[in-house]
Amino acid sequence: MAETRLMTINMGPQHPATHGVLRLVLELDGEVIVKATPHIGHLHRGVEKLAEAKTYHQVIPLTDRLDYTNAMGNNLAYVLAVEKLLGIEVPKRAQYLRVMMTELQRIAAHLIWLGTHALDIGAMTLLFYNFREREEILKIFEEVSGGRLTPTYLRIGGVSKDLPDGIEGKIKNFVEAFPGHMKEYETLLTKNVIWLKRTKEVGIISKEDAINWGVTGPTLRGSGVKWDVRKAFPYSGYEDFEFDIPTGSVGDVYDRYYVRLREMEWSNLIVKQALDRLPEGPVLADDPKVVLPPKEMVLTDIASLIRHFKIASEGFKPPQGEVYASVEASKGELGFYIVSDGSNRPLRMRIRPPSFLNLSALPKMIEGSLIADVVSAIGSIDIVLGEIDR
Amino acid sequence: MVEIHPAVKKLREKDPSSILEVTSFRGEVNVTVPKKDIFEVCRFLYTDPDLQYHMLTDLCGVDYFPQSPRFEVVYLLYSFKTNDRLRLKTRVELGESAVSVESIWKAANWLEREVYDLFGIPFENHPDLRRILLWDGYEGHPLRKDYPVEGPDFDKPFVPEV
Amino acid sequence: MIVAGTLTKKMAPMVKRIYEQMPEPKWVIAYGACACSGGIFKTYSVVQGVDQILPVDVYVPGCPPRPESLLTAILELQKKIEKETLADRKNVRSTLEMKG
């Protein structure tokens, strides 16, 4: 009688469907997965250690490069944590600008997710449509801050500079054209038989398991838990905006797809509300120890010059203590835990990565299913290796 | 204000010796617990019907180098029922090991592996303690304060073993 | 082969293996500041530039580089290939064997 052994397959770090350098070691019994082990760390750059050697202002560009599809959101999480540590108030106009940029970034991040997820499963047209929309958003970011993918737009105490002229018209055009594009995506996928067959009842994770594994974001909401950091612990003026939180019911790939589509629509509405209600006022807080003075003053007034020099070279010294601040990034709850010992560098900057915990729940989702479902499941939890490995 | 936090009140009623110190900074409550009691405190906070801290949001380590005990393991818990966050901290000395809470929250599985990898704090009763972000065979624990940012062999050329 | 993004010491053996698996003729583009020289990450786990382990033909700076930079890089590579002779190809081969 021949003995059967399990086959071990390595979905190596270099693979077109793993969304980055993720290595999955799968043990198969025929086509059914018996055990799955993710191996991460191929993009570990030591950001947390590097942040201990920099002043608080110098860490902001580092945070851009964590989850590179959601750069404004990462900036916002870090800046909120430092502002909480210092105890400074951000003016209303800056808060609304932050909300507008973060929600535009969320739409951009979900567009990448939709394009690559559909591409993995086989629907190639969506990729081109989504990147066409994303190009509009990146043009807006470039006009506002100078960078397409890594804008570094936010500063401690507000936003780096005000909106340029003419940009409001462009954002308005985008917001009005977007529902038409959403209709295009829905006609292609939502009732498509092939899509339904490949995404329904695949990669299921139950409500209790999702909470126990620390899963957050659309992956948690797809399993039926109506929880969003923007509603639970509102930050940066979100309590002034009206929006709803979409949830799924079963916790499979289709539910997560549905949740993210509805989230894109709600983000579009939030941007519209922010644009309509944008108040006038300063965009930076009025704290001389933390905020750089305006450039015209620096070039003419000696006191401003000295202040600019001190803030840019030494930084500021926050009080001793520790804070945790989190935002709802496009992947889940992104949090920064900063411990300060009173000097101008953080003692410890810990990043709570949403994709790290979402990925740790992946073996639970795919064990027992077929190997073709692995690609759907990985695409649906929407991981970015830059955030997992930091 | 810290005395009326419900979790702190219940913990004090259950076992006053399990709380070393309670502080509050910017609206967050931090409870320091001795190392031998951390598992019981976590299980109590998880199972108590009024508190129900069902989600482990974060688990990390901090290195306070010249102080002793040197390391601190920080747990951040969240309760859906009361919409409340609580931070638990315990101190661990160099060479000691901490207790794993993986049997209570599965999220601790990878988080504790990361603390072991970057700080060198082993966890008892962990089902699969090995390095997660750095490769097997790496020597040293990078996030400790006495480890240089560039790494110990920055000036030597890098040769990968294929 | 376009090496885009940061190269870490954990990933370096795999990248070298992929390069050796490529059939001749082959060229390498180092895309982005991290691939050119390590970028802003001067840490314990980042290789300071892909050229520490592979021979690079075109460097594309930027963090991240604009799409037009990538198109320019491919055009530069085409110009470089036009000027190459067979003797140059033999050069690349022997350097690789010397590195071991």
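Because the structure is predicted, anything quoted here is derived from the model rather than measured.

A. Looking closely at the overall build of chain B. Counting its regular elements, chain B contains 3 helices and 7 strands. Walking chain B from its N terminus toward its C terminus, one meets helices and strands in the order α-β-β-α-β-β-β-β-α-β. Each principal axis of the C-alpha atoms in chain B carries an extent, and together these give about 60 × 30 × 25 Å. For chain B, the proportion of its 162 residues judged to be buried stands at 56%. Looking at chain B alone, contacts between residues at least 24 apart form 47% of all its contacts between residues at least 6 apart.

B. Expanded view of the nonpolar core. Membership of the largest hydrophobic core comes to 185 residues, with the highest contact counts inside it found for Tyr78 of chain A together with Leu88 of chain B. For this core, the element with the most residues is helix α4 (residues 92–121) of chain A, which contributes 14 residues. What Leu88 of chain B contacts, discounting residues up to four positions off in sequence, is Val31, Val33, Ile38, Val41, Cys42, Leu45, Val73, Val74, Tyr75 and Leu77 of chain B. Grouped together as the second largest cluster of nonpolar side chains are 9 residues, Val339 of chain A together with Cys60, Tyr64 and Val74 of chain B included.

C. How the structure looks around the interface of chain B and chain A. Contacts between chain B and chain A engage 43 residues on the former and 46 residues on the latter. Of the roughly 3,800 Å² buried between chain B and chain A, counting both surfaces, carbon and sulfur atoms make up 60%. Viewed at the interface, chain A and chain B are joined by 7 salt bridges. Here Glu333 of chain A and Arg85 of chain B are joined by a salt bridge, their closest N and O atoms 2.8 Å apart. The interface formed by chain B and chain A contains 25 residue pairs in polar contact (both at pLDDT 80 or more). Secondary structure elements with two or more residues in the side of chain B that touches chain A: β2 (28–32), β3 (55–63), β4 (71–79), β5 (84–92) and α3 (108–119) of chain B. Ranked by the residues each element gives to the side of chain B that touches chain A, the list is headed by β3 of chain B, at 8 residues.

D. Fine view of the packing of helix α5 (residues 125–145) of chain A against helix α6 (residues 167–189) of chain A. Residue and element names in this part refer to chain A. Direction vectors running N to C along α5 and α6 enclose 165 degrees, while the axes themselves pass 11 Å from each other. Between α5 and α6, the crossing angle belongs to the class labelled roughly antiparallel. Crossing geometry of α5 relative to α6 is assigned as left-handed. Along the contact surface, α5 presents Thr125, Leu126, Tyr129, Asn130, Arg132, Glu133, Glu136, Ile137, Ile140, Glu143 and Val144, while α6 presents Ile167, Lys170, Ile171, Phe174, Phe178, His181, Glu184, Tyr185, Leu188 and Leu189. Of the residues contributing to the contact of α5 with α6, the split by class is 12 nonpolar, 3 polar and 6 charged.

Calculation criteria
Residues numbered from 1 in each chain as written. Chains lettered and ligands numbered in written order. Predicted model: local features only at pLDDT ≥ 70, side-chain atom pairs only at ≥ 80, totals over all residues. Heavy atoms only, no water. Helix = DSSP H or I, 4+ residues; strand = E, 2+ residues; numbered from the N terminus. Buried < 20%, exposed > 50% of the residue type's maximum accessible area, 1.4 Å probe, protein only. Contact = heavy atoms within 4.5 Å. Core = buried A, V, L, I, M, F, W, Y, C linked by side-chain atoms within 4.5 Å. Buried area = accessible area lost by both parts, 1.4 Å probe. Salt bridge = Lys/Arg side-chain N within 4 Å of Asp/Glu carboxyl O. Polar contact = N/O pair within 3.5 Å; in protein donor to acceptor, adjacent residues only side chain to side chain. Axes fitted to C-alpha atoms, helices over the stretch in contact; angles between N-to-C directions. Parallel < 35°, antiparallel > 145°, perpendicular 65-115°, else oblique. Left-handed = near helix turned anticlockwise from the far one by under 90°. Nonpolar A, V, L, I, M, F, W, Y, C, P; charged D, E, K, R; others polar.

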